[in-house]
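# Coordinate analysis (summary)
Residue strings, one per chain:
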Amino acid sequence: MCRQSIKSVKRLVIKVGTSSLILPNGKINLRAIDQIAFTLTTLKNEGYEVILVSSGAIGAGLHQLGLDKRPTTISKQQAVAAIGQSELIKIYSQRFQSYNQAAAQVLLTRDVVDYPESRRNVINTIQELLEMKVIPIINENDSVAVDELDHLTKFGDNDQLSAIVAQLSEADLLIMLSDIDGFYSANPMTNKEAKLFERITEITPELESAAGDEGSRFGTGGMSSKLKAAKRVFNNDSQMILANGRDPQIIFDILEGKTIGTHFASETY
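Keep in mind that what you see is a predicted model, and the values were worked out from it rather than measured. (Residues numbered from 1 in each chain as written. Predicted model: local features only at pLDDT ≥ 70, side-chain atom pairs only at ≥ 80, totals over all residues. Heavy atoms only, no water.)

## Considering the environment of Val 134
Position of Val 134 relative to the elements: it lies in the loop between helix H6 (116-131) and strand S4 (135-140). Considering only alpha carbons, one finds Val 134 and Ala 102, 32 residues apart in sequence, at a separation of 5.1 Å. When neighbours within four sequence positions are excluded, Val 134 is seen to be in contact with Gln 101, Ala 102, Ala 103, Ala 104 and Leu 129. (Helix = DSSP H or I, 4+ residues; strand = E, 2+ residues; numbered from the N terminus. Contact = heavy atoms within 4.5 Å.)

## Remarks on the packing of helix H2 (residues 30-45) against helix H4 (residues 74-98)
Viewed as axis vectors pointing N to C, H2 and H4 meet at an angle of 50°, and their least axial separation amounts to 9 Å. As the angle between them shows, H2 and H4 are arranged oblique. As for how H2 packs across H4, the hand of that crossing is right-handed. Residue-level inspection shows Leu 30, Ile 33, Asp 34, Ile 36, Ala 37, Leu 40 and Thr 41 of H2 in contact with H4, the latter providing Leu 88, Ile 91, Tyr 92, Arg 95 and Phe 96. Of the residues in the contact of H2 with H4, the class split is nine nonpolar, one polar and two charged. (Axes fitted to C-alpha atoms, helices over the stretch in contact; angles between N-to-C directions. Parallel < 35°, antiparallel > 145°, perpendicular 65-115°, else oblique. Left-handed = near helix turned anticlockwise from the far one by under 90°. Nonpolar A, V, L, I, M, F, W, Y, C, P; charged D, E, K, R; others polar.)

## Section: the packing of aromatic side chains
Following the criterion strictly, the structure yields three aromatic pairs and no others. Centre to centre, the rings of Phe 183 and Phe 197 are 6.0 Å apart; their planes meet at 35°, and the pair counts as tilted. Pair noted here: Phe 183 is in the loop between strand S7 (173-178) and strand S8 (199-200) and Phe 197 is in the loop between S7 and S8, with a separation of 14 residues, a long-range link. Relative accessible area serves as the criterion here: at 28%, Phe 197 is assigned to the partly exposed category. (Phe/Tyr/Trp six-rings, centres within 6.5 Å; stacked < 30°, edge-to-face > 60°. Buried < 20%, exposed > 50% of the residue type's maximum accessible area, 1.4 Å probe, protein only.)

## Regarding the environment of Asn 100
Within the secondary structure, Asn 100 is located in the loop between H4 and strand S3 (103-108). Between the C-alpha atoms of Asn 100 and Thr 41, which are 59 residues apart in sequence, the distance is 8.4 Å.

## Structural notes on the sheet that holds strand S2 (residues 49-54)
Pairing is mixed across the open sheet formed by eight strands, whose spatial order is S3-S4-S2-S1-S7-S9-S10-S8. Looking along the sheet, the strands with just one partner apiece sit at the ends: S3 and S8. Taken together, the three bridges between strand S9 (residues 240-244) and strand S10 (residues 262-264) define a ladder with antiparallel strand orientation. Among the inter-strand pairings, Ile 241 is bridged to a residue of S10, identified as His 263. Relative to the sheet, H4 contacts S2, S3 and S4, its axis offset from that of S4 by approximately 165°. Running over the sheet, H6 touches strand S1 (11-16), S2, S3 and S4 and is turned about 125° from S2. (Pairing = 2+ DSSP bridges.)

## Topic: the UniProt feature "binding site: ATP" (unreviewed entry) in the protein chain
The sites that carry the UniProt feature "binding site: ATP" (unreviewed entry) are, in the present numbering, Lys 15, Ser 178, Asp 179, Thr 220, Gly 221, Gly 222, Met 223, Ser 224, Ser 225 and Lys 226. Following the sequence through the fold, Ser 178 ends up in strand S7. Those residues within four positions of Ser 178 in sequence are excluded, and the remaining contacts are Ser 19, Ser 20, Lys 226, Leu 242, Ala 243, Asn 244, Gly 245 and Arg 246. In terms of polar contacts, Ser 178 uses its side chain to reach the side chain of Asp 179, at 3.2 Å. (UniProt positions renumbered as here; feature names shortened; annotations may be inferred. Polar contact = N/O pair within 3.5 Å; in protein donor to acceptor, adjacent residues only side chain to side chain.)

## Quick word on helix H7 (residues 158-168)
Buried residues dominate H7, accounting for ten of its eleven residues. For H7, the full list of buried residues reads Asn 158, Asp 159, Gln 160, Leu 161, Ser 162, Ala 163, Ile 164, Val 165, Ala 166 and Leu 168. Among the residues of H7, the N-terminal cap falls to Asp 157, whose side-chain oxygen and the backbone nitrogen of Asp 159 are separated by 2.9 Å. Looking at the residues trailing H7, positive phi occurs at Glu 170, about 55°.

## Brief notes about the packing of helix H3 (residues 57-65) against H4
Two numbers describe how H3 lies on H4: the axes approach to 6 Å, and their chain directions differ by 90°. In this view, H3 runs roughly perpendicular relative to H4, as classed from their interaxial angle. Between H3, through Ala 57, Ile 58, Ala 60, Gly 61, Leu 62, Gln 64 and Leu 65, and H4, the contact on the second element is made entirely by Gln 77, Val 80, Ala 81, Ile 83, Gly 84, Gln 85, Glu 87 and Leu 88. Per-class residue counts for the contact of H3 with H4 are nine nonpolar, five polar and one charged.

Here is the structure:
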């Protein structure tokens, strides 16, 4: 399969899932955050325009409070997210500063990008930050987002948010880092015959049936949400890579065009 189109990428969105930021024991994965800061700073220094969409607020909040599971009520979940987001951005800021790289927090809700005027403001803010050589760190504003029939402010999960950010910023590529090597024909944890798709050019009913719905106990996104994000990427005539975020420096190999993970792109790429 050809990934030559990736070598011409200039602006990219990197999405990091909770599973890459929170260790199985519930503690914050400081090494992963440091590697993310190092990798993205290096990319910026090489001339790329980089936007980070980071999950992890709930997981970081649970760690801060010494809790081992998500609260059941919305208000408590939002309070935990508020605590965790503060801790998460503090760590990100410290690590980026150690590499002399400025970063900025941008918290969004769905209604902000749905309304034309606020949508333009978001686009302008991201553009200005990139022109200032600052790396935007974007997350959903979990402490205020709600999901009601007449007041929809949630994105659903950060897989969807990252695809929307890629669209708003007119990014050339979305790299989605997860806890799996890519998209498989079945769950590789339970099916030894599962095969990794190196390239997907359209989202078919067969692919949707192969996707599960469960995320981790700290996060919300599963394979189904990643397919939904890929659909949005296809509709925007862009491309996406789903890869394992165990080592964030894998991004360097992806941008060199190496066959890593699953490449979601139309036949034109």
